Every structure is written in C-alpha cells, then in structure tokens.
Amino acid sequence: MKHLHMTLAIISVSFFTLRFFWLLKSPQMLDKKWVKISPHVIDTFLLGIGVVMAVKLALNPTEQLWLAEKLMAIVAYIFTGIYALKFARNRTMQIFGYVGAMGWVMLVFKIAHTKETFFF
Ligand code: HEM
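Residues numbered from 1 in each chain as written. Predicted model: local features only at pLDDT ≥ 70, side-chain atom pairs only at ≥ 80, totals over all residues. Heavy atoms only, no water.

A. The UniProt feature "transmembrane region" (unreviewed entry) in the protein, seen in detail. Mapped onto this numbering, the UniProt entry gives "transmembrane region" (unreviewed entry) at residues 6-25, 37-59, 71-88 and 95-113. For residues 6-25, the helix share is 100%, the strand share is 0%, and the end-to-end C-alpha distance is 29 Å. (UniProt positions renumbered as here; feature names shortened; annotations may be inferred. Helix = DSSP H or I, 4+ residues; strand = E, 2+ residues; numbered from the N terminus.)

The structure is reproduced here in structure tokens:
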C-alpha cells in the first residue's frame, strides 16, 4: 500500500510538472478532457490511500504532529499549484507559483520520509 502511495505521489507531481510545461509551451493541451480529469483521479487515490494507511496505523494528526504538518503542507501545495496553473496572471507569477508549489511538495516528501516536523 505504501509503495502504491509513493508511486502515485511521484506520478502526481510529475503530471503537475508536465501540465505546467504545457501551460508555458502548448496551453491547448490543458483543455483536453483527459488532462483535466486524470489529476483528480490520481490525487483522489493518492490522498485516499494516505488516509487508509493513517487509519490502519492508528495515526492521529493531533498526536503525530508530523502528520498534521504534512497535511498542512499538502493543502499549501494544492493551493499554490492551482494558483500556478489557473490564477497567476503572467509568466513571472506562474513560475513563482510553480516554484512555490514544488517547495511545499518537497516539504511533504521530507516529512513523509523522516516523520519529523519542520515548523512545529
Ligand atoms: C501530496 C500528497 C502526498 C504525498 C506527496 C505523500 C508522500 C508520501 C511518501 C513519499 C511516503 C513514503 C515515505 C517513506 O517511507 O519514505 C508516504 C507515506 C505515508 N503517507 Fe503520504 N503523501 C501524501 C498524502 C498523504 C495523506 C493525505 C495521508 C494521510 C492523511 C498520508 C499518509 C501517509 C502515511 C500514513 C504514510 C506511511 C508512513 C509509514 O511509513 O508508516 N499521505 N507519503
């Protein structure tokens, strides 16, 4: 289950990077139905398997602070990612958004791996 979760995490981040590349180079790709739908499918499984694992391992974010911080970093990653792909108004802001999203997701990977908090 953990390996599936990790594989989906890598696919999700790689596909986000590909969509960002398309945004800059061939934005018409982002209008394709499969490009719009697949991130939702991948991310639903990624997050869903994460929740199932947390429940199975009896991990509680109010006790395991690393999990609470990981969830917050995931929320920040999702919002900066949406900003980069949808709301950023020019190329510079799109790049800032993308770099910001990658910073957050790197924190997610670091916390997932070390199970140690970074900010808390
Ligand atoms: C963007 C979303 C996510 C990413 C990129 C991500 C990434 C990862 C990675 C890379 C690992 C393996 C760490 C290692 O052993 O080296 C992992 C493990 C895990 N993740 Fe996630 N994860 C995400 C979402 C979630 C969510 C939403 C939850 C739960 C609510 C969750 C719960 C867990 C748990 C319980 C483990 C196993 C911890 C253990 O080794 O016992 N993850 N995650």
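Now, onward.
B. Here's a closer look at the side chain of Glu69. Note that Glu69 resides in helix H3 (residues 65-87). Summary of buried charges: Glu69 has no salt-bridge partner, and the nearest side chain of opposite charge, Lys110, is 8.2 Å away. In this view, Glu69 contacts Leu107, Ile111, Thr117, Phe118, Phe119 and Phe120; residues no more than four positions away in its chain are not counted. (Buried < 20%, exposed > 50% of the residue type's maximum accessible area, 1.4 Å probe, protein only. Lys, Arg positive; Asp, Glu negative; His and termini not counted. Salt bridge = Lys/Arg side-chain N within 4 Å of Asp/Glu carboxyl O. Contact = heavy atoms within 4.5 Å.)

C. Quick look at the layout of surface pockets. Taken as a whole, the largest pocket spans an internal volume of roughly 1500 Å³. The wall of the largest pocket is formed by 44 residues, among which Ser12, Asp43, Leu46, Leu47 and Tyr77 lie closest to the centre. Breaking the lining of the largest pocket down by element, the ones donating at least two residues are helix H1 (2-25), helix H2 (33-56), H3 and helix H4 (91-114). Of the residues contributing to the lining of the largest pocket, the split by class is 29 nonpolar, seven polar and eight charged. (1 Å grid on protein atoms, 1.4 Å probe; cavity = no way out; pocket = protein on both sides within 12 Å on 5 of 7 lines; lining within 4 Å. Points joined across faces, edges and corners; volume = space filled by probe spheres on them. Nonpolar A, V, L, I, M, F, W, Y, C, P; charged D, E, K, R; others polar.)

D. Quick peek at the site of the ligand. What surrounds the ligand is a group of 20 residues, the closest being Lys2, His5, Lys70, His113 and Lys115. Measuring from a nitrogen atom of the ligand, one finds a side-chain N or O atom of His5 at 2.7 Å. Lys70 is positioned such that a nitrogen or oxygen atom in its side chain is 2.6 Å from a nitrogen atom of the ligand. Mapping the ligand onto the cavity grids shows that it belongs to the largest pocket. At the level of secondary structure, the elements contributing two or more residues to the shell around the ligand comprise H1, H2, H3 and H4. (Near = heavy atom within 4 Å. Polar contact = N/O pair within 3.5 Å; in protein donor to acceptor, adjacent residues only side chain to side chain. Sits in = over half its atoms within 2 Å of the grid points.)

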